[in-house]
Amino acid sequence: MPETFTVPVKGIGRRDYSKAVEYASQPTSRGRLARVNWGINFNGVPWIPFPWVYGWKIVFIDEEGHAVVAAPALPRHFYHMGITAKRAALIVVGCYVYADEAHADMWLPEACFGWCYGYGKAELSFTNGVKTEEGKVYSLLFAEYSEEASFDVFITINALLEEVAYGAR
Amino acid sequence: MEPGDAKPPKDKAKEKEDKAKDKIRGKKVKVRGKGIIGDDRGHKIEIDEFELQVGERVHSPKRSEKK
């Protein structure tokens, strides 16, 4: 006769996995849009005849907080550029992109974002934004065509900045 | 025009205008003012003096302007 024996029972129900728990870190990327604003007051700008314009190279703030002319690596999305003059005179605002600073000095743009004329106020709006590319120079163009010796204008530029943070969660 | 004929006179007014344009193009002007650049990350830069450059609006020539 074969010998019979009883299999000992260890615990009842689900197996206990509590001793096999491990902690793991999973890398994640988080993105957010930060706002960037420019508010600029140009005072006593000399008169300029139509259709000449003044160009100002837009200054960016880089990751370390320094002012730079060439667009930094993190892209900005321009969505609004507006100009307001003290007088109700014909004014214009526009924006050009240049390959680098040398091309900006020679006034040889790669592309134009647009032009907007108005009396006392002119605004350029980009519904889907204009994305900046690293190293390119963006120039804001403006003029006021009153026949006075000088003019004052106030310019606002609004953009969104793509920020991506990498970390473990 | 036959070969050897005198050249047609240049448009003096056009020449004068081109010279005036060359004089003004690329001219740099220092302007005083106040500029504040800021972002959500807490950076802020203030500018008191700006360098502006004079230029002409660049446009693609119309069909009638093309030669």
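Keep in mind the model is a prediction, meaning the values are calculated, not measured.

### Here's the deal with the overall build of chain A
Item 1. Scanning chain A for helices and strands turns up one helix and ten strands.
Item 2. A buried classification covers 27% of the 169 residues belonging to chain A.
Item 3. Look at the contacts in chain A between residues 6 or more apart in sequence, and 79% of them connect residues 24 or more apart.

### Topic: the overall build of chain B
Item 1. Counting its regular elements, chain B contains one helix and two strands.
Item 2. Helices (α) and strands (β) of chain B occur, in sequence order from the N terminus, as α-β-β.

### Let's talk about the nonpolar core
Item 1. Counting 40 residues, the largest nonpolar core has Y54(A), V93(A), L141(A) and F142(A) as its most contacted members.
Item 2. Counting residues per element, this core draws most heavily on strand β6 (residues 90–98) of chain A, at seven residues.
Item 3. The residues contacting Y54(A), other than those within four sequence positions of it, are V45(A), I48(A), L141(A), F142(A), A143(A), L52(B) and V54(B).

### Considerations on the interface of chain A and chain B
Item 1. On the chain B side, the residues contacting the 27 residues of chain A number 26 residues.
Item 2. Those elements that place two or more of their residues in the side of chain A that touches chain B are β1 (27–46) and β2 (52–57) of chain A.
Item 3. Here the residues of the side of chain A that touches chain B sort into 19 nonpolar, seven polar and one charged.
Item 4. With four bridges connecting them, β2(A) and strand β2 (residues 44–56) of chain B associate as antiparallel partners. Paired with W52(A) across the bridge in β2(B) is E56(B).

### So, the environment of I48(A)
Item 1. Relative to the helices and strands, I48(A) is located in the loop between β1 and β2.
Item 2. Note on I48(A): 20 C-beta atoms within 10 Å, which makes it buried.
Item 3. Each C-alpha atom, one on I48(A) and one on Y119(A), is 16 Å from the other, the two residues being 71 residues apart in sequence.
Item 4. Setting aside its immediate chain neighbours within four residues, I48(A) contacts Y54(A), A143(A) and V54(B).

### Observations concerning the environment of A111(A)
Residue and element names in this part refer to chain A.
Item 1. You can see A111 is positioned in strand β7 (residues 111–119).
Item 2. According to the C-beta neighbour criterion, A111 is exposed, with 10 such atoms within 10 Å.
Item 3. In sequence terms A111 and M81 are 30 residues apart; their C-alpha atoms lie 16 Å from each other.

### Looking at the confidence of the model for chain B
Residues and elements named next belong to chain B.
Item 1. Overall, the predicted model of chain B reaches an average pLDDT of 77, with 69% of residues at or above 70.
Item 2. Here helix α1 (residues 12–24) is the element of chain B with the lowest mean pLDDT, 73, and strand β1 (residues 28–39) is the one with the highest, 92.
Item 3. Confidence metrics for the complex model read pTM 0.75 and ipTM 0.73.

### Topic: the pairing of β2(B)
Residues and elements named next belong to chain B.
Item 1. One ladder, built from nine bridges, connects β1 with β2; its direction is antiparallel. Its bridge partner being in β2, G38 is matched across the sheet by K44.
Item 2. The antiparallel pairing of β1 with β2 creates a hairpin that spans four residues between the two strands, and G42 there sits at a positive phi of about 95 degrees.

### Quick look at the pairing of β1(B)
Looking along a regular strand, one sees side chains alternate from face to face of the sheet.
Item 1. For β1(A) and β1(B), the ladder comprises eight bridges, and the chain directions are antiparallel. The residue of β1(B) that forms the bridge with N43(A) is R32(B).

### Structural notes on unusual backbone geometry
Item 1. Cis rather than trans, the peptide bond between F50(A) and P51(A) has omega equal to 0 degrees.
Item 2. Its location among the elements puts P51(A) in the loop between β1 and β2.

Reading the values: the criteria
- Residues numbered from 1 in each chain as written.
- Chains lettered and ligands numbered in written order.
- Predicted model: local features only at pLDDT ≥ 70, side-chain atom pairs only at ≥ 80, totals over all residues.
- Helix = DSSP H or I, 4+ residues; strand = E, 2+ residues; numbered from the N terminus.
- Buried ≥ 20, exposed ≤ 12 C-beta atoms within 10 Å, placed from the backbone.
- Contact = placed C-beta atoms within 7 Å.
- Core = buried A, V, L, I, M, F, W, Y, C linked by C-beta atoms within 7 Å.
- Nonpolar A, V, L, I, M, F, W, Y, C, P; charged D, E, K, R; others polar.
- Pairing = 2+ DSSP bridges.
- pLDDT = per-residue confidence, 0-100.

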